[in-house]
Amino acid sequence: MSDTRKIKNMSLEKICNSGQCFRMWRREDMDGSESEMEKHAETYVLIAGNHWLEVSQTEDTFRFSCDEEEYKTFWNSYFDVDTDYDAVIRQIDPADEYLLRAAEFGYGIRILRQDLWEMIITFIISQQNNIRRIRKCIETICEAYGSRCTAPDGTVYYGFPTPDQLACATEEELRARNLGYRSRYLVETARMIRDGEVSLEHLKKLPVAEAREELLKLCGVGRKVADCICLFALHDLEAFPVDTHIRQVLEKHYPEGFPFEKYPDTAGILQQYIFYYDLKKGE
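This text gives an overview of the structure that appears in the document. The residue count restarts for each chain, going from 1 along the sequence in the order it is written. For a predicted model such as this one, the threshold for reporting local features is a pLDDT of at least 70, and the threshold for listing and counting side-chain atom pairs is 80 or more; totals across whole chains, interfaces and linings nevertheless cover every residue. The basis for every side-chain value is the complete set of non-hydrogen atoms in the structure, without hydrogens or water.

### Here we look at the sheet that holds strand β1 (residues 3-6)
Taking strand neighbours across the sheet as the criterion, the 5 strands line up as β1-β5-β4-β3-β2 in an open arrangement whose pairing is antiparallel. Unpaired on one side and paired on the other, β1 and β2 (25-28) mark the two borders of the sheet. Sheet twist, expressed as the average angle between the axes of neighbouring strands with direction ignored, equals 25°. With respect to the sheet, helix α3 (residues 68-78) is in contact with β1, β2, β3 (42-48), β4 (51-58) and β5 (61-64), its orientation differing from that of β4 by roughly 80°. When DSSP finds two or more bridges between two strands, those strands count as paired. A run of H or I in DSSP becomes a helix once it reaches four residues, and a run of E becomes a strand once it reaches two; helices and strands are each numbered from the N terminus. Here the axes come from fitting lines to C-alpha atoms, over the contacting stretch only for helices, and the angles between their N-to-C directions go from 0 to 180 degrees. It only takes one pair of heavy atoms within 4.5 Å for two residues to be counted as in contact.

### Considering the nonpolar core
A general tendency of soluble globular proteins is for nonpolar side chains to be buried together. Grouped together as the largest cluster of nonpolar side chains are 73 residues, with contacts concentrated most on I125, L215, F258, Y273 and I274. Other than its neighbours up to four places away in sequence, L215 contacts I120, L203, V221, A226, I229 and C230. The criterion is simple. A nonpolar core is a set of buried Ala, Val, Leu, Ile, Met, Phe, Trp, Tyr and Cys residues joined through side-chain atoms within 4.5 Å. Categorising residues by exposure relies on relative accessible area from a 1.4 Å probe, with only protein chains included: less than 20% of the type maximum marks a residue as buried, more than 50% marks it as exposed, and the intermediate range marks it as partly exposed. Within the second largest apolar cluster, 21 residues are counted, among which are C21, Y44, A48 and C66.

### Considering the packing of helix α6 (residues 116-126) against helix α10 (residues 182-194)
Interhelical geometry of α6 versus α10 gives an angle of 160° and a closest axis separation of 10 Å. The pairing of α6 with α10 is recorded here as roughly antiparallel in orientation. Two packed elements cross with a definite hand, and for α6 against α10 that hand is right-handed. On the side of α6, the interface is formed by W117, I120, I121, I124 and I125, while α10 contributes R182, Y185, L186, T189, A190 and I193. Residues of the contact of α6 with α10, tallied by class, amount to 9 nonpolar, 1 polar and 1 charged. For classification purposes, angles smaller than 35 degrees are called roughly parallel, those larger than 145 roughly antiparallel, those between 65 and 115 roughly perpendicular, and all remaining angles oblique. What makes a crossing left-handed is the near helix being turned counterclockwise from the far one by less than a right angle; a clockwise turn instead makes it right-handed. Following the grouping adopted for this structure description, the nonpolar residues are Ala, Val, Leu, Ile, Met, Phe, Trp, Tyr, Cys and Pro, the charged ones are Asp, Glu, Lys and Arg, and the polar ones are all others, Gly among them.

### Some thoughts on the layout of surface pockets
Size it by volume and the largest pocket reaches roughly 560 Å³. A 1.4 Å probe that fits but cannot get out identifies a cavity on a 1 Å grid over protein atoms alone, an open set with protein on both sides within 12 Å along at least five of seven lines counts as a pocket, and a residue lines either if it has an atom within 4 Å of a point. As for the largest pocket, its lining consists of 25 residues, and the residues nearest its centre are S126, N129, K224, D243 and F275. The residue makeup of the lining of the largest pocket, split by class, is 10 nonpolar, 13 polar and 2 charged. As for the second largest pocket, its lining consists of 22 residues, of which M24, R26, I47, E139 and Y157 are closest to the centre. Breaking the lining of the second largest pocket down by element, the ones donating at least two residues are β2, β3, β4, α7 (131-145) and β7 (156-158). Among the elements that make up the lining of the second largest pocket, the one with the highest residue count is α7 (7 residues). Grid points are joined across faces, edges and corners, and a volume is the space filled by probe spheres set on the points.

### Thoughts on the pairing of β4
Each regular strand displays side chains that alternate between the two surfaces of the sheet. The element β4 is largely enclosed, with a buried count of 6 among its 8 residues. One ladder, built from 7 bridges, connects β3 with β4; its direction is antiparallel. The residue of β4 that forms the bridge with T43 is S56. The turn linking β3 back onto β4 is made up of 2 residues, and G49 within it adopts a positive phi angle of 60°.

Here it is in structure tokens:
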């Protein structure tokens, strides 16, 4: 059971390393592949919510381990396949040499359409944290509080805990699982969502500025985390998260401010190009 697609301007490797997703994205070795195409493929196993996928890329050809129905109803949206990222790049001001270089370097990055609740918890955990530890923390709470699932090949994995499931945790339990000071944030945020103090469904209907203000009500959510949630979960492409990397770029290349007026609907995509370029260009 698999579904094969041609998709332009998508790189599994760059998406994996772009800092927008901290669930499992594990690159697999293809030694012993059965076909010539597989020998040259990059293959990743990933989990989103309760969904498990193995996906292989050879240039613009992708083979998904799911059937056509699951691809159409979940993964097509998850990978934001219907957005024309080439058109976004063509709209960049030709005089902005830095942004053109960043877009060329980040060619293939797409903004994943991730689950809102999962992104809230993920980015609360991500604060003052490194990627390896973030992923370990998320794996820990999934195994402790998420639902047990089985992949088509028999692999056992755990879905992301729901607000009700995570709200059953205590701060002490989470601290014992190495969540540290974020334990209080997670318990309180799960309780607020469970009790309806902040509605996930209502958040999905709000424009970015109002969604940001609503997210700021949650325990442990500041401006940068709120903007990350708006971009990577609500897919508000005008959201432009500013962390240390982005702040330094803006100070150096845009001392008078980033020209948001030129990119009212695509600034979030450009932010990812900038972030990835600044993070990876020296490697």
